[in-house]
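Structural overview for review
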Number of protein chains: 2
Amino acid sequence: MPIIKRLTDVDMYKFTMEQIIWKNWSGVKTKFGFRNRTKGVRLLDYVDIGRLREELDHAQSLRFTQPEIDYLSTIKKADDRKMFSPGYLDFLKGFQLPEYNLEKGSDGNPVLEFEADWPYASHWETIALSIVNELYSESLLNGLSKFERERVWAEMITKLADKIKILKQYADIIFSDFGTRRRFMMEAQRYVVMTMAEELKEQFLGTSNVMMAMEFGLVPMGTSAHELPMILAAMLDDGTDEDWVNTAQQLVLDSWWKEYGYGLSIALSDTFGTSWFFRNMTDEQARNWKGTRHDSGYPLVYANKAIKFYERRGIDPKEKLIVFSDGLDIQTIIAIANYCRGRIKHSYGWGTNLTNDLGFRTLSLVVKALMANGHSTVKLSDNLAKALGSPEDIERYMRACRYRRKTKQYLRS
Amino acid sequence: MPIIKRLTDVDMYKFTMEQIIWKNWSGVKTKFGFRNRTKGVRLLDYVDIGRLREELDHAQSLRFTQPEIDYLSTIKKADDRKMFSPGYLDFLKGFQLPEYNLEKGSDGNPVLEFEADWPYASHWETIALSIVNELYSESLLNGLSKFERERVWAEMITKLADKIKILKQYADIIFSDFGTRRRFMMEAQRYVVMTMAEELKEQFLGTSNVMMAMEFGLVPMGTSAHELPMILAAMLDDGTDEDWVNTAQQLVLDSWWKEYGYGLSIALSDTFGTSWFFRNMTDEQARNWKGTRHDSGYPLVYANKAIKFYERRGIDPKEKLIVFSDGLDIQTIIAIANYCRGRIKHSYGWGTNLTNDLGFRTLSLVVKALMANGHSTVKLSDNLAKALGSPEDIERYMRACRYRRKTKQYLRS
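Report follows, based on the coordinates. Since this is a predicted model, take the numbers as computed values, not measurements.

Re the sheet that holds strand E11 (residues 365–372) of chain B
Residues and elements named next belong to chain B. On the basis of which strands lie adjacent, the open sheet formed by five strands has the order E2-E3-E1-E11-E12 and antiparallel pairing. Strands at the two margins of the open sheet, each flanked by one partner only, are strand E2 (101–104) and strand E12 (375–376). Two elements, E2 and strand E3 (residues 110–117), share four bridges in a ladder whose sense is antiparallel. Bridge pairing in E3 links Asn101 to Glu113. Across the face of the sheet, helix H2 (residues 49–61) comes into contact with E2 and E3 while running at roughly 170° to E2. Helix H10 (residues 227–236) rests against strand E1 (29–36), E11 and E12 of the sheet, and its axis sits at about 25° to E11.

So this is what it looks like as structure tokens:
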């Protein structure tokens, strides 16, 4: 059985982002690339490159089915208008994943890149990540007996039960599954999503996985990704605009607000540093937008920064939301909830530790935008260990964004 | 689905004992009775007496099928002769469980008794116990969600995996499943038996459950039960034989040896106290019999007593076996193995903690012989908390067996 069976087996934000990209920047030449950030793990020691190629080829052979298009056409925005336009759905009917480049890297990891027009290349992200994660999981299960595999599954269930038991004690913790890209395997994610939907009806908001949202009648959840400001900034990085980073960021916020309005107005703030982001957010944006997403740096520091930001702008932070989505586990979620309770709204996009908690070491894999129309992309984030780009470009963006390197930079393992 | 689907869903020793009973004492009028020894648990708070009646009625409707008779006819003794005679197998073809008496007891437990000729009444023992245990388990699962039930099963698997991991480090620990009577449910026992057979091929000797031995191609394991010496002693308890207890015990050993020889020569020693048993075992029996079964009292004290017994008789204990079958868990098994290693052979008949380890409180239930031809039975055991009989009868048997009450009697919970 192939790992990816449907083109909707991706995060919801791929569609919301791709609709805007398709509408505004469909001809931008982009390159996305796969990166293994896991220290000490040479992926090709686990994953056979031939198997990887087979799975990528199979994903490329997929087309959207009519039921998938029909489902997407039923999704509504907060104002009850359709989320996706007929034109975009027509585009999807003819959609196919573009070519990929795959070879063995000298560091023991696959070199896997996607060069294509932006709305096409973008769709590979979570698909490529799910595939590599599942091939890695396969290698972990290889050599295990039937019972030992059942034990792995049982461990997943008991750990899930522990989470549920704790979450039932914190009725104000509401969360979504954001674990498509990091899942142990599709069936594990399916089981977790189905169980959370049954056991924590009031607290489980939905899943980022469109295929599973469709299957289980859940709300497809999502915000947006770094690729939007990264690619737009790279496109504008030709020396003609001194403030090109903020021009790009504002373009993202404006086009997003125009398309989706209040319902999806969660701003991803850390692409070039959250301090810079808040400095550049207008009062109107601060008032209008529902909230922000935390994806790097200390979450409590972030919460404190957001609360102060709103207060300085004369906005009640209790009316604003932070979606936390960085390295969550149950203890971290509780710590964040205890900090935010009564101060600012909080919800959680739970990834790796939700869909890949079976007792094995997990991987830190990403697929990120690398190039746009010949210009390199840059991401800084609130944790420089997550920064992307050449050292020179990173320094240049840091200067442009007055990014302050912390004396004790928090490094991800 | 009924709980008991086959008349072979019983412990193997029922057949080996019943063959001797059928041959020698088929007309003895016996009464067996169910007892709940679990402190603080009123079974009728959990088990519906109507459901219990239904299950008992269904078991009573069962007959041995031809494949079961055929299977029993293939079982061989150590000397390669057939374990069961054609005459006994003919008896089984016409076999049906006899009537039962069931009512609500004033203590919140069911009064459940089986009055019939010995070879018939005897067959109820493990069937009645499996039924009551499974109805209790059903009540524990009632009200749990689908996922919570899966969590219970997952906990069984992870606990089983822990046991297997530890047992793989002790290659000299060999054991059998003796958990039919105490199982959480049939499917749980089936899973445990199947898994142990796959994961610990060299250490797992087989199962006492005949139906499962047949299904999985395992060796049906078993020794013998207290009912043999208890009932024979009760039959002889008419004042004509001053040494009636030992006459009965010798009758058990002689008839067993005559029927099954060395292969099944594991003597259950604690019916009237192990000290008394060893005093009365002849040198020839001590030499001939493969070993003994421990079923009450401190296991290491028992091992020490057995070793000294063999040494006093000039027999090398390293050639003799103790089958431990009382309240085993993995830590107790390892403690016993560490004590016996190099001194005396040891193996384990693992019950409750093997087939009923899912995180729930387990029950201590027994079905025991109460009467034989109008005389009450008595069991002393090496732990007076397990003694059966009226106080007067117990005192009388204790005097006859010179049973020494320990100053600090070990009481089972």
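That was the structure; now back to the text.
Re the pattern of salt bridges
Oppositely charged side chains may form a pair once their charged atoms are brought near each other. Applying the stated criterion to the full structure yields 61 salt bridges over all chains. For Lys31 of chain B, the salt bridge identified is with Glu113 of chain B, shortest N-O distance 3.6 Å. With a gap of 82 residues between them, Lys31 of chain B in strand E1 and Glu113 of chain B in strand E3 connect regions that are remote in the sequence. An identical accessibility class is assigned to Lys31 of chain B and Glu113 of chain B; each is buried. For Lys146 of chain B, the salt bridge identified is with Glu150 of chain B, shortest N-O distance 3.6 Å. Placement of the pair is Lys146 of chain B and Glu150 of chain B together in helix H7 (residues 146–167), with a separation of four residues, close to one helical turn. Several salt bridges share partner residues, and in doing so they unite Asp11, Lys14, Glu125, Arg181 and Glu227 of chain A into one network.

What about the interface of chain A and chain B?
Taken together, the 18 residues of chain A in the interface contact 19 residues of chain B. At the boundary of chain A with chain B, the tally comes to one salt bridge. Of the charged contacts in the structure, one is a salt bridge between Glu148 of chain A and Lys168 of chain B, with a shortest N-O distance of 4.0 Å. Counting residues per element, the ones that place at least two in the side of chain A that touches chain B are helix H7 (146–167) and helix H8 (186–199) of chain A. The greatest single-element share of the side of chain A that touches chain B, amounting to 12 residues, is contributed by H7 of chain A. Broken down by class, the residue content of the side of chain A that touches chain B amounts to eight nonpolar, three polar and seven charged.

The rules we used
- Residues numbered from 1 in each chain as written.
- Chains lettered and ligands numbered in written order.
- Predicted model: local features only at pLDDT ≥ 70, side-chain atom pairs only at ≥ 80, totals over all residues.
- Heavy atoms only, no water.
- Pairing = 2+ DSSP bridges.
- Helix = DSSP H or I, 4+ residues; strand = E, 2+ residues; numbered from the N terminus.
- Contact = heavy atoms within 4.5 Å.
- Axes fitted to C-alpha atoms, helices over the stretch in contact; angles between N-to-C directions.
- Salt bridge = Lys/Arg side-chain N within 4 Å of Asp/Glu carboxyl O.
- Buried < 20%, exposed > 50% of the residue type's maximum accessible area, 1.4 Å probe, protein only.
- Nonpolar A, V, L, I, M, F, W, Y, C, P; charged D, E, K, R; others polar.

Just distances and angles here, no functional claims.
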